[in-house]
Each structure stands twice: as structure tokens, then as C-alpha cells.
Amino acid sequence: MNKNSSNTMALAPNPSNKRETVCIFGTGDFGRALGHKMIQSGYPVVYGSRSTQISNLIPKDAEVLGHAEAAQKAAIIIIAIQRQHYNFLTPLAEVLRGKVLVDISNNLKLNQYPESNAEHLAQLLPGSKVVKAFNTVSAWALQSGTLDASRQVFVCGDDVEAKQMVMNIVRALGLTPLDKGSLLAAQEIENYPLQLFPMWKFPIFLSLGLTAFFFFYCVALDIIYTYIYENNDFSFFIAITIPNRVCPVMALILLALVYLPGIFAAIIQLYRGTKYRRFPDWLDKWMLCRKQLGLIALAFASLHVVFTLVTPMRAFASWRTGKGIISQVLNNKTEPLDHTNAWLSDSYLALGILGFFLFVLLGITSLPSVSNNVNWREFRFVQSKLGYLALILCTAHTLVYGGKWFLSPSAYKWYLPNIYILSLIVPCAVLVVKFVLIFPCVDKPLTQIRQGWERNPKYSN
Ligand code: NAP
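What you see is a predicted model, and the numbers here were worked out from it, not measured in a lab.

Caption draft 1: Molecular detail of the packing of helix α11 (residues 281-288) against helix α12 (residues 290-310). At their nearest, the axes of α11 and α12 sit 4 Å apart, and the two run at 50° to each other. Classified by the interaxial angle, the pair formed by α11 and α12 is oblique. Across the interface between the two elements, Trp286, Met287 and Leu288 of α11 pack against Arg290, Gln292 and Leu293 of α12. When the residues that make up the contact of α11 with α12 are grouped by side-chain class, the tally is four nonpolar, one polar and one charged.

Caption draft 2: Spatial organisation of the UniProt feature "domain: Ferric oxidoreductase" (unreviewed entry) in the protein. Following the UniProt record, one finds the feature "domain: Ferric oxidoreductase" (unreviewed entry) at residues 249-383. Helix makes up 81% of residues 249-383 and strand makes up 0%, while its end C-alpha atoms are separated by 21 Å.

Caption draft 3: Looking closely at the site of the ligand. In the region of the ligand, 19 residues are neighbours, and Thr27, Phe30, Ser49, Asn106 and Ala139 sit closest. Take Arg50: an N or O atom from its side chain is 3.0 Å from an oxygen atom of the ligand. A distance of 3.2 Å separates an oxygen atom of the ligand from a polar backbone atom of Ile81. In the complex, 77% of the free accessible area of the ligand, which totals 890 Å², lies under the protein chains. Counted by class, the shell around the ligand contains seven nonpolar, 10 polar and two charged residues.

Caption draft 4: Fine view of unusual backbone geometry. Positive phi, normally seen in glycine, also occurs at Asn111, with a value near 45°. By relative accessible area, which is 48% here, Asn111 ends up partly exposed.

Caption draft 5: Molecular detail of the nonpolar core. Membership of the largest hydrophobic core comes to 62 residues, with the highest contact counts inside it found for Phe214, Leu254, Tyr259, Phe359, Leu391 and Val430. Looking at this core, the element that brings in the most residues is helix α10 (residues 241-272), giving 20 residues. The contacts of Leu254, once residues within four sequence positions are left out, are Leu206, Ser207, Leu293, Ile296, Ala297 and Phe300. Core analysis: the next-biggest nonpolar cluster, separate from the first, contains 34 residues, Leu34, Val45, Val100 and Phe134 among them.

Caption draft 6: View of α11. Among the residues of α11, those classed as buried are Leu283, Trp286 and Met287. The buried residues of α11 occupy one face: seen down the axis, they fall within an arc of 100°. Exposed residues lying more than 90 degrees from the buried face of α11 are Lys285 and Leu288. Structurally, α11 contributes buried residues whose contacts are with α9 (201-230), α10 and α12.

Caption draft 7: The domain arrangement of the protein, seen in detail. If you check the domain split of the protein, you get domain 1 (22-194) and domain 2 (200-451). Taking only C-alpha atoms, the centre of domain 1 and the centre of domain 2 are 50 Å apart.

Caption draft 8: A nonpolar patch on the surface, seen in detail. On the surface, Ile224, Tyr227, Ile228, Tyr229, Trp414 and Leu416 cluster together into a nonpolar patch covering about 610 Å² of accessible area. Among the secondary structure elements, Ile228 is positioned in helix α9.

Caption draft 9: Main features of the pairing of strand β2 (residues 45-48). Side chains of β2 alternate between two faces, with Val45 and Tyr47 and Val46 and Gly48 buried alike. As judged from the four bridges shared by strand β1 (residues 22-25) and β2, these two strands associate in the parallel manner. When the bridges of β2 are listed, Cys23 appears paired with Val46. As for the winding sense of the linkage, the β-α-β connection from β1 through helix α2 (residues 29-40) to β2 is right-handed. Where β2 lies against strand β3 (residues 63-65), three bridges are found, and the strand directions are parallel.

Caption draft 10: Inspection of the pairing of strand β7 (residues 152-157) at higher detail. Where burial is concerned, most of β7 is hidden: five out of the six residues are buried. Summarising the sheet, strand β6 (residues 129-132) and β7 pair through two bridges and their orientation is antiparallel. Following the sheet pairing, Val131 is matched in β7 by Gly157.

Caption draft 11: Seen up close, the UniProt feature "domain: Pyrroline-5-carboxylate reductase catalytic N-terminal" (unreviewed entry) in the protein. Per the UniProt entry, the sites bearing "domain: Pyrroline-5-carboxylate reductase catalytic N-terminal" (unreviewed entry) are residues 21-107 in this numbering. Taken as a whole, residues 21-107 contains 25% helix and 22% strand, while its terminal C-alpha atoms sit 28 Å from one another.

Caption draft 12: Quick peek at the packing of aromatic side chains. Scanning the entire structure with this criterion turns up 22 aromatic pairs. Ring centres of Phe213 and Tyr217 lie 5.6 Å apart, and the angle between their planes is 40°; on these two criteria the pair is classed as tilted. In this pair, Phe213 and Tyr217 are both assigned in helix α9, four residues apart and thus about one turn of the helix distant. Among the residues examined, Tyr217 registers a relative accessible area of 12% and is labelled buried. An angle of 85° between the planes, with centres 5.2 Å apart, marks the rings of Phe236 and Phe237 as edge-to-face. Members of the aromatic cluster, joined through ring pairs, are Phe234, Phe236, Phe237, Phe316 and Trp319. Residue placement shows Arg83 over the ring face of Tyr113; its charged tip is 3.6 Å from the ring centre.

Caption draft 13: Highlighting a positive patch on the surface. Positive charge collects at one region of the surface, where Arg377, Arg380, Lys385 and Arg450 lie side by side. Broken down by element, the positive patch gets its largest block of residues, three residues, from helix α16 (residues 376-406). With respect to the element layout, Lys385 can be found in helix α16.

Caption draft 14: Summary view of the environment of Thr447. As for its placement among the helices and strands, Thr447 is situated in helix α18 (residues 440-450). We classify Thr447 as partly exposed; its relative accessible area is 32%. Between the C-alpha atoms of Thr447 and Thr334, which are 113 residues apart in sequence, the distance is 60 Å.

Calculation rules
- Residues numbered from 1 in each chain as written.
- Predicted model: local features only at pLDDT ≥ 70, side-chain atom pairs only at ≥ 80, totals over all residues.
- Heavy atoms only, no water.
- Axes fitted to C-alpha atoms, helices over the stretch in contact; angles between N-to-C directions.
- Helix = DSSP H or I, 4+ residues; strand = E, 2+ residues; numbered from the N terminus.
- Parallel < 35°, antiparallel > 145°, perpendicular 65-115°, else oblique.
- Contact = heavy atoms within 4.5 Å.
- Nonpolar A, V, L, I, M, F, W, Y, C, P; charged D, E, K, R; others polar.
- UniProt positions renumbered as here; feature names shortened; annotations may be inferred.
- Near = heavy atom within 4 Å.
- Polar contact = N/O pair within 3.5 Å; in protein donor to acceptor, adjacent residues only side chain to side chain.
- Areas by Shrake-Rupley, 256 points an atom, 1.4 Å probe, with all protein chains shown as cover.
- Buried < 20%, exposed > 50% of the residue type's maximum accessible area, 1.4 Å probe, protein only.
- Core = buried A, V, L, I, M, F, W, Y, C linked by side-chain atoms within 4.5 Å.
- Arc of directions from axis to C-beta.
- Domains from an automatic or database assignment.
- Patch = residues over 30% accessible without salt bridge, like charges linked within 9 Å, V, L, I, M, F, W, Y side chains within 5 Å.
- Salt bridge = Lys/Arg side-chain N within 4 Å of Asp/Glu carboxyl O.
- Pairing = 2+ DSSP bridges.
- Right-handed = clockwise from strand over helix to strand, strands pointing away.
- Phe/Tyr/Trp six-rings, centres within 6.5 Å; stacked < 30°, edge-to-face > 60°.
- Lys NZ or Arg CZ within 6 Å of the ring centre and 35° of its normal.
- Lys, Arg positive; Asp, Glu negative; His and termini not counted.
- Charge placed at Lys NZ, Arg CZ, Asp CG, Glu CD.

Have a look at this one:
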């Protein structure tokens, strides 16, 4: 059947408005939950089970028969049974010939078997049309109706018509089928529910490593150094002061790390004079987790905002303010307003507020529900142009905050720079190189390369 005719079949209204019977092998958790949902959607359901006794767990409108009898009643049979029991299907090969078998199974480990469960089923029953589907939906979500986060159902199979039939059922259940191609895709689909935050591993480990490094760096300089050389016990800094130093530093560095791979990619493309060669693996992986890095950066920036807002409530802050007032009273002298300081503090706060606003905007536009509603140009405008603006504002916020004492010798305890100085290295490098890249003499060849031009074409006409 060609593509058009199968689409027509998918869209054609059912004249009798009656759905075809679906058979489910297995009355376990998933079989029952799926049967329940199917009955709600108007499908007559017949179960094929080892026991034909009806338990009160089974949906009340469903029939329960032996496997062979049940299979004869439907063109589609959903195999809601673990892979290790598939051998019991071999004697049913004749009854199942020409039928659509839906493999919904998952494994306990990634790549547990050499071939996918669906391919194994197709090898056991070569006369049947095997389609992989539903394995990423949980029985609990089907039963409780909480499917908002997982409406997508990956479907794959070698028989186009069989796949269309299954995709029609998926749609009728209120879910969204996503055609992943032939049965070769089954292994990947089966591995999908077993992956643990695949795109988050590198950003999380990197953030944990950097956070630990900066935390202990601050403990050494702000607590241990002060204790040894000034005999002051500031160990309580561990609770708020140090986290409020580490969080903005992390937010700024991670935001810069979102844009750094794009800079590397541009340099590599300029150097090679073509876009038709693969980037190194590490750069590909880095580019793929930019969204995650950005979201973690946003989390650190949000924590920085909260820590800053609670600062005036701290006993240390009120003690320091009181000390300043008392010293003015004792000296009978009112300190005049330092206008430079007032400008600096208002400016860094304003830069921080604007930077944070753009940070939040970036985070919101990276949510699938929002990014699906903007076109590619709008998405690029927010993520690239406004993203760079957020990086400029946040870098300026740090520079204005610490600028005046970055150069003072007291900022270098044990000859080590303050963490604010360290935090500026990557963002400043990214901004300087980006500035060079937007010069017309560099931007023009880069744009041409990205449009397909090659300095030394491999295939010339
Ligand atoms: P389950 O509760 O253990 O039920 C499996 C059913 O298989 C049993 O109720 C039984 O049905 C049948 N069965 C067991 N041993 C058998 C044997 N030796 N021969 C023939 N039939 C046998 O498992 P489940 O949670 O429903 O999962 C079923 C399949 O769905 C699995 O492949 C799983 O990976 C997949 N899946 C499950 C979920 C989930 O959330 N549970 C989500 C996605 C995919 P009868 O007693 O009626 O014969």
C-alpha cells in the first residue's frame, strides 16, 4: 500500500462508527490498564489468558478466553506478556498468521538481548505482522489518566498497513503516535524507558564538580584564612554567604558554557572552510546538552536571587549595620553619601535584575510547550540574541559588583584570586571571541560556509 492510501485509511471516518475488536494476551497490570482504556474509547476487548476465570480486576465489559479462541476474534493482538514467556506463542503460529501483533514489552537492562523483543517476536512468528508500540506508556499512567507528560507513543514496524492500524488505535485512545520507522528502531524504543536523564548527566556532573570546587575555594579563603590571620570565626558563612557567592558564579559560568560550544563550532568551520565535516564527538555532545546547562544555570541564578533577598534578615547583616551606626554616633560624625558607591550599587542591582529577567525568558522559551509555538527564527532570536544579551548583562553585573576591589591586594588571599575574578574568565572569553566573530570580515565567510559554500570543495561540478 502506498503512503497516500494508508493516510487516507487513517483519516477515513468509520461509517458504522463501530470499532474493531482488539485482543489482549495477558491479564497482568498493563493488559488490564490498556484494556480498560480501550473499552472507554469504544473498542470491544477480548483477553487471551491462561485462565478464563473472570476476576474482578478485569474490566467488566471485556471477555476472557483461551489464547487461540481470543486471537480468532480480532485482527490486532496486543502481547501484554514479558518477553521470557514468548515461547508459548509458537504453537499458536497458525492462528496468528497474518494478524497484527503489538509488542509492548520492555526489558530490565539496556540492550539486555542481542535483538529487540519485537524482532525476537517477529522471528518466532514470521507469518504475523509485528508492530512495536505503547512500551513508553506506564500502566499506572493509563489507569490514572495522568498522561499529560507522556502522550507520545513511539510506533515502529515493517508493515506499513499494520503500523497505520496501530497508530489509529493510539490516536483513538487520545495519545499521539510517532512513527519511528521499521522494526530496526525497536531496540532504541525499548531502551528509551531505561535511560536515566541521558542529556542531563554531563551538565549535572559538571555542575556538581564546579560547585564543590568553588564551595571549598570560598571556605578556604573566607573562613579558614580569616580564622588563621584575623582570628575571626566566620564558619556560619557556610549557610548563606558562601552559597550566595557560589550560586551567581555557577550561573554565570554555566550560561557562558551554553554559548562556548557555538564559538568553538564557528572557529572549527572557519578553519576547515566547510560545514560538511563532523564536529568532534565531545563538541557534538556538548552542543546537545546546552539547554540542560542553561536550565541548571537558571536554577543557580534563582537561588542567588532568593539568598540575596534574605540577606537583610540575617543577624550578621543587622550586627554590621548597627556597628556602622554606633561608630558614627561615637565619633559624632555622619558619613556623607558616597555617590560613586550609590551609583555602583544601583547599577549592579539593575544589571542583575535585567540579566535575571532575560535568564528567565530563556528558560521559559526552552520549554517544549513554548518553543513549539514559536518559529525557528523567533526561537533563535531569543536563544541567541537575547541569550548573549543576558550573558553581557550578567557579566557586567559581576564586573560592576567586584570591579573596584578586583585589583586591590586584599582580594588576593594566599595569592589566590577571588572567585568573582575566576567566574569572569569564561564569560569574558566568550564575549570577546563573539565580538570578533561578528566583524563583517569574519561573519561573511562564516555565513557563507553555513549556507553550504566550501573553500576547497570535495566534489566540484
Ligand atoms: P505482569 O503484571 O507480570 O503480567 C504479565 C501477564 O503475562 C500475566 O498476568 C499473565 O497473564 C501472562 N503470563 C505470565 N506468565 C506467562 C506464561 N508463562 N505464559 C503465558 N502468559 C504468561 O506484567 P505487566 O506489568 O502487565 O507487563 C506486561 C508487558 O508489558 C511486559 O512485557 C512489560 O515490559 C510491558 N510494559 C509494562 C508496563 C507497566 O507499566 N506495567 C509499561 C510498559 C510496558 P494471564 O494470567 O492472563 O495469562
